[in-house]
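So the chains spell out like this:
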Amino acid sequence: MPEEKKGLSWFRLIVLQVIIGCVLIGICSYIFRIPMDEVRIASPQQDQSERFAGIPMRIDLTYPGLGNVILDDPKELLSLKSSFSNLLTAGKEEQGAKESRLLLTGSIAYLDQEDIPFQVQTSAFQFGQVSVNSLNVSANIRKLQSTLIDKVFTSSMISAAAEKPENEAYSLEQGVMTPLSEADRKALTVQIRTAARVIDFSRFEDLERQPDKHIVISLPASEEGKKHWLHIDRFNSAYMVVYDLLDETNQRAYFKLNVAS
């Protein structure tokens, strides 16, 4: 019996110490107001910075009428991610923004979080549910749109548009549109597909005069039913310039044609 009483006394002592410890913790928590389950509301700016904390893996970009492109170059992704972040940090949403004629849509895919959709117009940028269109970032929005258009205007994308049977192709001369023959259309497609993209076009004197041939390719109409045309100017059978009149940034893609084609 003495051994049982000794064990029981130790058990009571341990229980008493636990009770006293819990009481002390409760008193300290009440006095010092320790935030055990505090709920914090993040500001929109903090929420956006957390969105850009992820590692971008690719950007899926859609150009109306031309289709989709995937951007996965690490340097390009980091540059675009920085542009997105700067726009959302510096810009704000204002009422009465002008509606753009050309809307680029896409999404940025991360390694460690969900894909986030975005939209780029001439004067507005939307990332997720947040939009900015203030005057102080309008120039940067146009620059971003121009950069993305430049990524779409490749020889493969343009030649695919020229090749699609549902896209009508015309030669435009003095305001008169003449449908291209099947042979001319095939030749045009080959010329574009084999052309080399030119970045520095300042030394090409041919571009200062009127083009030898002007070609227009119809793209699928917008949801509002507006016609959409892709324009191609050819100079001296050596160079080709591609642009879209709906693009208010006036972005142009320059190509050097392959003589053999």
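Residues numbered from 1 in each chain as written. Predicted model: local features only at pLDDT ≥ 70, side-chain atom pairs only at ≥ 80, totals over all residues. Heavy atoms only, no water.

Caption draft 1: Focus on the nonpolar core. If you look at the biggest cluster of nonpolar residues, it comprises 48 residues, and the most contacted ones within it are Leu66, Phe118, Phe125, Phe127, Leu148 and Phe153. If sequence neighbours within four positions are ignored, Leu66 has contacts with Val152, Phe153, Met157, Ile158, Ala161, Leu219 and Leu230. Of all hydrophobic cores here, the second largest spans 7 residues; its members include Ala238, Tyr239, Val241 and Tyr243. (Core = buried A, V, L, I, M, F, W, Y, C linked by side-chain atoms within 4.5 Å. Buried < 20%, exposed > 50% of the residue type's maximum accessible area, 1.4 Å probe, protein only. Contact = heavy atoms within 4.5 Å.)

Caption draft 2: How the structure looks around the sheet that holds strand E1 (residues 56-63). Strand order across the open sheet formed by 6 strands is E2-E1-E3-E4-E5-E6, with antiparallel pairing between neighbours. The outermost strands of the open sheet, each flanked by one partner alone, are strand E2 (67-71) and strand E6 (130-132). Averaged over all adjacent pairs, the angle separating strand axes in this sheet is 15 degrees, with direction ignored. Against the sheet, helix H4 (residues 138-152) touches E1, E2, strand E3 (104-110), strand E4 (116-120), strand E5 (125-127) and E6, its axis set at about 105 degrees to E4. (Pairing = 2+ DSSP bridges. Helix = DSSP H or I, 4+ residues; strand = E, 2+ residues; numbered from the N terminus. Axes fitted to C-alpha atoms, helices over the stretch in contact; angles between N-to-C directions.)

Caption draft 3: Highlighting unusual backbone geometry. Backbone geometry at Gln174 places phi at a positive 50 degrees, although glycine is not the residue there. The exposed category is assigned to Gln174, whose relative accessible area is 82%.

Caption draft 4: Fine view of the packing of helix H5 (residues 155-163) against helix H6 (residues 182-193). Two numbers describe how H5 lies on H6: the axes approach to 8 Å, and their chain directions differ by 170 degrees. Classified by the angle their axes make, H5 and H6 are roughly antiparallel. Here Ser155, Ile158, Ser159, Ala161, Ala162 and Glu163 of H5 lie close against H6, whose contacting residues are Arg185, Leu188, Thr189, Ile192 and Arg193. Of the residues that constitute the contact of H5 with H6, the class distribution is 5 nonpolar, 3 polar and 3 charged. (Parallel < 35°, antiparallel > 145°, perpendicular 65-115°, else oblique. Nonpolar A, V, L, I, M, F, W, Y, C, P; charged D, E, K, R; others polar.)

Caption draft 5: Molecular detail of the pairing of strand E13 (residues 252-256). For strand E9 (residues 196-198) and E13, the ladder comprises 3 bridges, and the chain directions are antiparallel. Following the sheet pairing, Arg197 is matched in E13 by Phe255.

Caption draft 6: Quick peek at the confidence of the model for the chain. Looking at the chain, the pLDDT average stands at 83 and 75% of residues meet or exceed 70. Long-range and interchain partners of residues 4-8, a stretch whose pLDDT sits below 50, account for 0 contacts in this model, where long-range means more than four residues apart. Contacts from residues 34-46, a stretch scored under 50 in pLDDT, to residues over four places away or in other chains number 1 contact. (pLDDT = per-residue confidence, 0-100.)

Caption draft 7: View of the packing of aromatic side chains. In total, this model carries 6 aromatic pairs according to the counting rule given. Summarising the aromatic geometry, the rings of Phe84 and Phe118 are spaced 5.0 Å apart at their centres and angled 55 degrees between planes, so their arrangement reads as tilted. In this pair, Phe84 sits in helix H3 (residues 74-90) while Phe118 sits in strand E4, placing the two residues 34 residues apart along the sequence. Each residue in the set Phe84, Phe118, Phe125 and Phe127 is aromatic and connected to the rest through ring pairs, giving one cluster. Sitting over the face of the ring of Phe255, Arg197 holds its NZ or CZ atom 5.6 Å from the ring centroid. Cation over ring: Arg252 sits above Tyr243, and NZ or CZ is 4.0 Å from the ring centre. (Phe/Tyr/Trp six-rings, centres within 6.5 Å; stacked < 30°, edge-to-face > 60°. Lys NZ or Arg CZ within 6 Å of the ring centre and 35° of its normal.)

Caption draft 8: Representation of the environment of Asn133 within the structure. Note on placement: Asn133 falls in the loop between E6 and H4. Expressed as a C-alpha distance, the spacing of Asn133 and Ser123, which sit 10 residues apart in the sequence, is 5.8 Å. Within the structure, Asn133 has its side chain in polar contact with the backbone nitrogen of Glu94 (distance 2.6 Å). (Polar contact = N/O pair within 3.5 Å; in protein donor to acceptor, adjacent residues only side chain to side chain.)

Caption draft 9: Focus on the pattern of salt bridges. Scanning the model with the defined rule gives 5 salt bridges in all. Ionic pairing is found between Arg58 and Asp60, a salt bridge with its closest N-O pair at 3.1 Å. A salt bridge links Glu182 to Lys186; the shortest N-O distance between them is 3.6 Å. One end of the pair is Glu182 and the other is Lys186, both in helix H6 and 4 residues apart, which spans about a single turn. Given a relative accessible area of 53%, Lys186 falls into the exposed group. (Salt bridge = Lys/Arg side-chain N within 4 Å of Asp/Glu carboxyl O.)

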